[in-house]
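The residues making up each chain are set out below.
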Amino acid sequence: MKHILFIISALLIPQLLMGKTVKGTISDFETGEELSGVTLVWKENPARGVVSGLDGSFTIETSENYNTLICRYLGYQTAEYSVSGLNGELIVLLKPSVNEINEVVVYSYAANNSENGARNIEKLSNSVMNVVSAKAIELSPDITVANVIQRVSGVTVERNSSGDGQYAILRGMDKRYNYTLVNGIKIPSPDNKNRFVPLDIFPSELLDRLEVTKALTADMEGDAVGGTINLVMKDAPQNRQITANLSTGYNALFFDRDFYSYDTKAIAKQSPYEIYGEKYPAKARDFNEKVIKLKSGNAPANLFGGFSYGDRLLGNRLGIMLAGSFQNSYRGSNSLYFSNKNATSDASNLPVLTNKNDRTYSERQTRYGLHAKFDYRFSPLHKLQWYNAYMDFTNAQVRDNIKTELNIGYDPEHGDYNLGFDTRFRLTHQQIINSTLKGTHYFLPNEALKMDWAAVYSKAFNEIPDNSSVYTSARVKDWKMNSVSVVTTPYGAERRWEHNDDKDLAGYYNANYTLLSDEMKMDFSAGGMYRDKQRTNFYNDYLFLPYDEDKPAMNNNLIKGTDWNDYSEIKFQVHNPHGSTGNQLNYDASEKIAAAYGQAKVQLSNLQVILGLRIENTNQGYHLKHAIEGVKNEDNQQYTDYLPSLHFKYSPWKNNNFRASYYKSLNRPGFFEIVPYQILNEDYTERGNPELKHTIAHNVDFRYEYFPRPSEQIMAGLFYKRLQNPIEYGIKAEGQGTFYSPTNFGDADNYGMEIDLMKYFHSFGVKANYTFTQSQITTVKLFNYDNPDLNSSERILVKNVEQTRPLNGQAKHVVNLSLLYKDTKNGWDGQLAFAYTGDRLYAVSLYLDNDIWQGGYLQTDISMEKKFKMGLTVFVKATNLLDTPMALYLKKQNPANEQVEGYENYNNGTLVRRDYYGQNIQLGVRYRF
């Protein structure tokens, strides 16, 4: 009882001492948006005041002598409110400040980069959409778009070798099933195999907002099943704005080990074939040995910087926004990887671990982002906009690997087993360039007719020049590895050149006519687009044999410490002097898409209906640069798709929406998939498929939306997708052979639900979402079986069987949670963010029930910032606080694997990979002039 009285006293005494209070909320007079950070003071005692919270609420102490509150907020008119005789909460409405300037054209301007603006876009959108504002991005721990997007419901990310997000997976649909826009315009991909865009190439600070659309309307390009990602870049502000930021940081992974590097300046951008011609036989002297000279040492500090300038000139007619971003970071991972195969000596179909690989990755990642946006308003009815973007990403990677062969005399206790050593030196350079000229025009009374057009040039470029690997080996005679002799091996080195580019020329045209009556509003729109995409792909590979003319009998046994100490000292000769330019991966490809649509939108008092039809014609083909006997050296496929869509939005009460949508969409094969390439692997041959068909999808969405306040939301939705001819990798029989190829496998189903919550409590806030996804597809796999009618050496045969499984990349459970804190009075902001992705299908195997799964992954991040006077902010961001490893596993166990060193039972299966990425810490300053 004493404890209860003590707790009650502790809660009540401060309230009694405080005396009377005035409570209320502050909002924008015109939009109704809550205003956070408004200063309120008593006119009778200006020293006593408070600041409104995240939800616009405030509580201020008062006394009998205090009667008038003064409310001040930058960009708004100062207001005074009397509290005499107040009964209940005080509602404060602030009006935007107005400057009277002669000969200035006045235009409306919506702050869509704020949290309130993002919620308003979601509420008013024509279809199912989620929006992340620039303010949310700035306060988040994320520095690339790929990491930002993982906070959106229904979205997971596929990570690269340093643990950063790279590709987005929407609603369990593999990355191939979505596309990326910049300011509403589709951009090409620099990826050398696929058409999807790596999102880690975009610095997040260049964004005004990030829009994820999950249900297509007829005025959107139709090749998205999961959805679309629109990067809306910074726009010119109403008033001059200059910002700059500079920060540094470090990856904790390198507290415990060295960072490996090499001389990237020594890399030749072109292979000998490209420099000297196809008849030139390459010699060892044509390859710079500095490229394979391994360096090690402490990792330097990371460096990040950004700058932006925005203004309106010429009486607000000309808008300018210039922004740049630079990121130079040192990343990596420590990886344990077991290569495996399906048992072939019996009918158990159990996985057999064949090699243990201990790998370290060291990567220097450099990103440049340049952004220039100009708009000129001839009048309130006519506007031109010219947007230019340049994105550049370079990744210099060293992968060092020690391979233990588990299947050849392996005895870890007493030694006598084989080791392999290989080091890969790989530089990846990617660029995206976009230039878009867009016009918007209004005609007729009441601006009833709107017309807009866009002319677009885009280019995506990818190069991996002089991708070099060196291979050596050893036979361990002592389990302590005291008698290891590292020697060179046959085909002891490989050097490869790859590059590709996509060039897009596109034009867009849209017209919209609005018809108003007392009962309804109707919009009729129509338009079209045409895109000509040209791709060229180059591949050349050189193999090397160790060769010392002074020791011709020892060429495969050049001993480290005797014949060489560094890879650059090994003497090689070229095994294939002309390279491999006859490979099918040398090709040109084209894709021409013509589209037209018609759409009608009817708005009644509380019901909106959108009905549309889009028609897209696709003409896609390829041509091999070198004719190869027995394959299709060129091919072309052309088809037309009719894509209807229907969307309902019913708003029975204020700030409530019920949505129902149907749309039909498609997914085209990638160029790489339809080219008849062949890659020979140990136990199968991977092959392209010129007969690959495009996928058709029927999509249904339902969502309820509630916006309690302009910055808050509660949303719950269901979705269902029916895919015809989905593209998945599997077994395909052709002639006398069986190949692992991209193939159309019947039909697939994908369905699930999404829940979003965003709520603020004065100084605290919560953002949370949960997504459940389930899918099914049936594909062909290989299965070993015992035929007792044959002798023992021939009894184990292989047959094709069907397996039903989830779609590749799909996770059943995805959870995001962010806890927010804001103390406007003292200038503090903070966020603790959690992102959990449940088990998901990572890679599809040839063999029955032998697919590789990624275990559940929890990423924990934190960010904090402190604002000072005169526009200065100090911030800190930390990601992967718990250093959660990424784990891959097989769902089956084989008792024979238990003797393997490092073997682990994971989720009642077999661990095949575990990567640790280390924590990343960033400390910096931001200044607004």
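Another aspect to go through is unusual backbone geometry. Here Asn183, not a glycine, exhibits a phi torsion of approximately 55 degrees, which is positive. Its place among the elements puts Asn183 in the loop between strand S11 (178-182) and strand S12 (185-186). Asn183 gets classed as buried once you look at its relative accessible area, which sits at 19%. Notably, Asp466 is not glycine yet its phi reads approximately 50 degrees, a positive angle.

Attention now goes to the sheet that holds strand S6 (residues 79-82). Strand order in this open sheet of four strands is S3-S2-S5-S6, and the pairing throughout is antiparallel. A strand with exactly one partner marks an edge of an open sheet, and here the two such strands are strand S3 (45-51) and S6. On average, each strand axis in the sheet is inclined to that of its neighbour by 30 degrees, with strand direction left out of account. Strand direction decides the pairing type here: strand S2 (residues 39-42) and S3, joined by four bridges, are antiparallel. If you follow Leu40 over to S3, its bridge partner there is Val50.

Once that is clear, we can look at the sheet that holds strand S4 (residues 57-61). Backbone hydrogen bonds are what pair the strands of a sheet, in a parallel or an antiparallel way. The strand order across the open sheet built from three strands is S4-S1-S7, with neighbouring strands paired in mixed fashion. Here the strands that pair on one side only, and so sit at the sheet edges, are S4 and strand S7 (90-94). The sheet shows a mean angle of 30 degrees between the axes of neighbouring strands, direction not considered.

Take the confidence of the model for the protein chain next. Of all residues in the protein chain, 90% have pLDDT values of 70 or greater, and the mean over the chain is 87. Of all the helices and strands in the protein chain, helix H1 (residues 2-18) carries the lowest mean pLDDT, 44, while strand S16 (residues 259-261) carries the highest, 97. Low confidence marks residues 99-110, where pLDDT is under 50. Its contacts with residues over four positions away, or in another chain, come to 15 contacts.

One finds Ile149, Phe202, Leu210 and Leu231 to be the most contacted residues of the largest nonpolar core, which totals 32 residues. Breaking this core down by element, the ones donating at least two residues are helix H3 (134-139), helix H4 (145-149), strand S9 (155-159), strand S10 (165-170), strand S13 (207-213), strand S14 (227-233) and strand S21 (382-405). Excluding anything up to four places from it in sequence, Phe202 contacts Ile143, Thr144, Val145, Val182, Ile187, Val197, Leu231, Met391 and Ile432. Membership of the second largest hydrophobic core comes to 24 residues, among which are Tyr262, Val470, Phe538 and Phe572.

With that settled, the discussion passes to the environment of Gly332. Counting through the fold element by element, Gly332 comes out in strand S19 (residues 318-342). Separated by 26 residues in sequence, Gly332 and Asp358 have C-alpha atoms that sit 14 Å apart. Discounting residues that sit within four places of it in the chain, Gly332 has contacts with Ser161, Ser162, Asn251, Leu253, Phe254, Arg257, Tyr361, Ser362, Tyr916 and Tyr917.

What follows deals with empty space enclosed by the protein. As enumerated under the stated definition, the model contains 13 cavities of 30 Å³ or more in all. Size it by volume and the largest cavity reaches roughly 320 Å³. For the largest cavity, the lining is made up of 25 residues, of which Val132, Arg151, Val152, Met758 and Lys767 are closest to its centre. Counting residues per element, the ones that place at least two in the lining of the largest cavity are helix H2 (115-124), strand S8 (129-133), strand S37 (747-761), strand S38 (764-786) and strand S40 (813-823). If you tally residues by element for the lining of the largest cavity, the top one is S8, at four residues.

Another point: the packing of aromatic side chains. In this description, an aromatic ring pair is defined by two values, namely the gap between the centres and the angle between the planes. Under the counting rule described, the total for this entry stands at 24 aromatic pairs. Here Phe672 and Tyr677 contribute two aromatic rings whose centre-to-centre distance is 4.2 Å and whose plane-to-plane angle is 25 degrees, an arrangement assigned as stacked. Residues Phe672 and Tyr677 agree in their burial class; the two are buried. An aromatic cluster is built from Phe287, Trp497, Tyr542, Phe544 and Phe572, whose rings are joined through pairwise contacts. The lysine or arginine in question, Arg176, covers the ring of Tyr177, its NZ or CZ lying 5.8 Å from the ring centre. A cation over an aromatic ring shows up here: Lys186 above the ring of Tyr179, its NZ or CZ 4.4 Å from the ring centre.

Conventions used here
- Per chain, residues are indexed from 1 in the order of the written sequence.
- Local features are withheld for residues below a pLDDT of 70 in this predicted model, meaning they are given only at 70 or higher, and side-chain atom pairs are given and counted only at 80 or more; totals for whole chains, interfaces and linings count all residues.
- Here the side-chain values reflect all heavy atoms present in the structure, with hydrogen atoms and water set aside.
- Runs of E in the DSSP output that reach at least two residues are strands. Runs of H or I that reach at least four are helices, and both are numbered from the N terminus.
- Buried means the residue's accessible area, taken with a 1.4 Å probe over protein chains only, is under 20% of the maximum for its type, while exposed means over 50%, and partly exposed covers the values in between.
- DSSP-based pairing: two strands are paired if at least 2 bridges between them are found.
- Each axis is a line fitted through C-alpha atoms, taken for helices only over the stretch in contact, and angles between the N-to-C directions span 0 to 180 degrees.
- Every residue carries a pLDDT, the predictor's confidence in it, which falls somewhere between 0 and 100.
- Here, residues are in contact when the closest pair of their heavy atoms is within 4.5 Å.
- Remark: nonpolar core denotes a set of buried residues (Ala, Val, Leu, Ile, Met, Phe, Trp, Tyr, Cys) joined through side-chain atoms within 4.5 Å.
- Using a grid of 1 Å spacing that covers the protein atoms alone, one calls a set of points a cavity when a 1.4 Å probe fits there but cannot get out, and a pocket when the set is open and has protein on both sides within 12 Å along at least five of seven lines; lining residues are those with an atom within 4 Å of a point.
- Grid points are joined across faces, edges and corners, and a volume is the space filled by probe spheres set on the points.
- Stacked, edge-to-face and tilted labels apply to pairs of Phe, Tyr and Trp rings (six-membered ring for Trp) whose centres lie within 6.5 Å, assigned for plane angles under 30 degrees, over 60, and everything in between, in that order.
- For a Lys NZ or an Arg CZ to count as sitting over a ring, it must be within 6 Å of the ring centre and within 35 degrees of the ring normal.

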